[in-house]
Amino acid sequence: MATQFSSQILEEEPSAQSLANMFFAFSTLGICDTDAYAHWAQVLRHKSVGAALLPKGLAMVMKAYASCNIVDEEMLQWLRGRLLGPGFLQEFTAREIGIVASSLPPLGMSDEPLLQALSERALAGDIASSLTAAEIARILYPYANF
């Protein structure tokens, strides 16, 4: 039923947020359908759709891949490029940084430039002053696995 629902959604022109919501919903329900993920990833990487992906949506997608332990190298490179793109991390909240940071080790993405960029953003005044203990733990998690 979930795959049928997914197909209906994708018959329309999906937005980046709709796709992020599908990734999140499926992973939350424990539905780790690699074919569905691959199709959504392909749509999401399309320039007009992917360019509209906001930090919250990117965090949801990364958490879904990590939760399902799906390693799609092409998609992970695209996500990494978005994260390291000019100014993108500046829009992240403490919660989103924590979600992305804790998703890195299961995806094998604990590389130094990415960790450095996330850490620098986490230490920014507007973020550092609002971090909760849980968010700090999520941000430190990849360092334990680096």
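Bear in mind the structure is a predicted one, so any value in this text is a computation, not a measurement.

**Quick notes on the overall build of the chain**
Item 1. For the chain, the helix and strand inventory stands at 10 helices and 0 strands.
Item 2. Listing every helix and strand of the chain by position from the N terminus yields α-α-α-α-α-α-α-α-α-α.
Item 3. Against the globule reference of 15 Å for 146 residues, the chain gives a C-alpha radius of gyration of 15 Å, in line with a compact fold.
Item 4. Summarising its shape, the C-alpha atoms of the chain cover approximately 45 × 25 × 25 Å along the three principal directions.
Item 5. Counting every position in the chain, which comprises 146 residues, the buried fraction comes to 46%.
Item 6. Within the chain, contacts between residues separated by at least 24 positions form 75% of all contacts whose residues are at least 6 apart in sequence.
Item 7. When the accessible surface of the chain is totalled, it reaches about 7600 Å², and 55% of it is carbon and sulfur.
Item 8. Each charge class in the chain was averaged separately, 9 positive and 15 negative side chains, and the resulting centres sit 5 Å apart.

**Re helix H5 (residues 55-68)**
Item 1. Given a rise of 1.5 Å per residue, 14 residues ought to cover 20 Å, and the 20 Å separating the end C-alpha atoms of H5 matches this to within 8%.
Item 2. Most of H5 is tucked away, with 11 of its 14 residues classed as buried.
Item 3. Within H5 the residues assigned to the buried category are Pro-55, Gly-57, Leu-58, Ala-59, Met-60, Val-61, Met-62, Ala-64, Tyr-65, Ala-66 and Cys-68.
Item 4. Packed against the buried residues of H5 are helix H2 (16-28), helix H3 (34-44), helix H6 (73-84) and helix H7 (94-107).
Item 5. Positioned one or two residues after H5, Asn-69 has a phi angle of 55 degrees, which is positive.

**Some details on the confidence of the model for the chain**
Item 1. Residues with a pLDDT of 70 or more make up 90% of the chain, whose mean pLDDT is 87.
Item 2. The least confident element of the chain, judged by mean pLDDT, is helix H1 (residues 2-11) at 57; the most confident is H5 at 95.

**Regarding a nonpolar patch on the surface**
Item 1. A cluster of nonpolar side chains, Ile-136, Leu-140 and Tyr-143, forms an exposed patch at the surface whose accessible area comes to about 280 Å².
Item 2. With respect to the helices and strands, Ile-136 occurs in helix H10 (residues 133-144).
Item 3. Residue classification places Ile-136 among the partly exposed residues on the basis of a relative accessible area of 37%.

**Some points on the environment of Met-60**
Item 1. Locating Met-60 in the fold gives a position in helix H5.
Item 2. Of the residues examined, Met-60 reaches a relative accessible area of 12% and is grouped as buried.
Item 3. Between the C-alpha atoms of Met-60 and Ser-27, which are 33 residues apart in sequence, the distance is 9.5 Å.
Item 4. Aside from chain neighbours lying at most four places away, what touches Met-60 is Gln-17, Ala-20, Asn-21 and Phe-24.

**Remarks on the nonpolar core**
Item 1. Within the largest apolar cluster, 47 residues are counted, with the highest numbers of intra-cluster contacts made by Phe-23, Tyr-37, Leu-44, Leu-58, Met-62 and Tyr-65.
Item 2. Sort the elements by how many residues they give to this core and H5 lands first, with 9 residues.
Item 3. When sequence neighbours within four positions are dropped, the list of residues in contact with Leu-58 reads Leu-53, Leu-79, Arg-82, Leu-83, Phe-88, Phe-92 and Val-100.

**Let's talk about the pattern of salt bridges**
Close approach of charged atoms lets side chains of opposite charge pair.
Item 1. In this structure the tally under the stated criterion is 3 salt bridges.
Item 2. Here Glu-74 makes a salt bridge to Arg-45, at a shortest N to O gap of 3.6 Å. Taken as a pair, Glu-74 in helix H6 and Arg-45 in the loop between H3 and helix H4 (47-50) lie far apart in primary sequence, 29 residues in all.
Item 3. With a shortest N-O distance of 2.8 Å, Arg-80 and Asp-111 are connected by a salt bridge. With Arg-80 in helix H6 and Asp-111 in the loop between H7 and helix H8 (112-122), this residue pair connects regions lying 31 residues apart in the sequence.

What counts and how
Residues numbered from 1 in each chain as written. Predicted model: local features only at pLDDT ≥ 70, side-chain atom pairs only at ≥ 80, totals over all residues. Heavy atoms only, no water. Helix = DSSP H or I, 4+ residues; strand = E, 2+ residues; numbered from the N terminus. Rg over C-alpha atoms; globule rule 2.2 N^0.38 Å. Buried < 20%, exposed > 50% of the residue type's maximum accessible area, 1.4 Å probe, protein only. Contact = heavy atoms within 4.5 Å. Areas by Shrake-Rupley, 256 points an atom, 1.4 Å probe, with all protein chains shown as cover. Lys, Arg positive; Asp, Glu negative; His and termini not counted. Charge placed at Lys NZ, Arg CZ, Asp CG, Glu CD. Expected span 1.5 Å × (residues − 1). pLDDT = per-residue confidence, 0-100. Patch = residues over 30% accessible without salt bridge, like charges linked within 9 Å, V, L, I, M, F, W, Y side chains within 5 Å. Salt bridge = Lys/Arg side-chain N within 4 Å of Asp/Glu carboxyl O. Core = buried A, V, L, I, M, F, W, Y, C linked by side-chain atoms within 4.5 Å.

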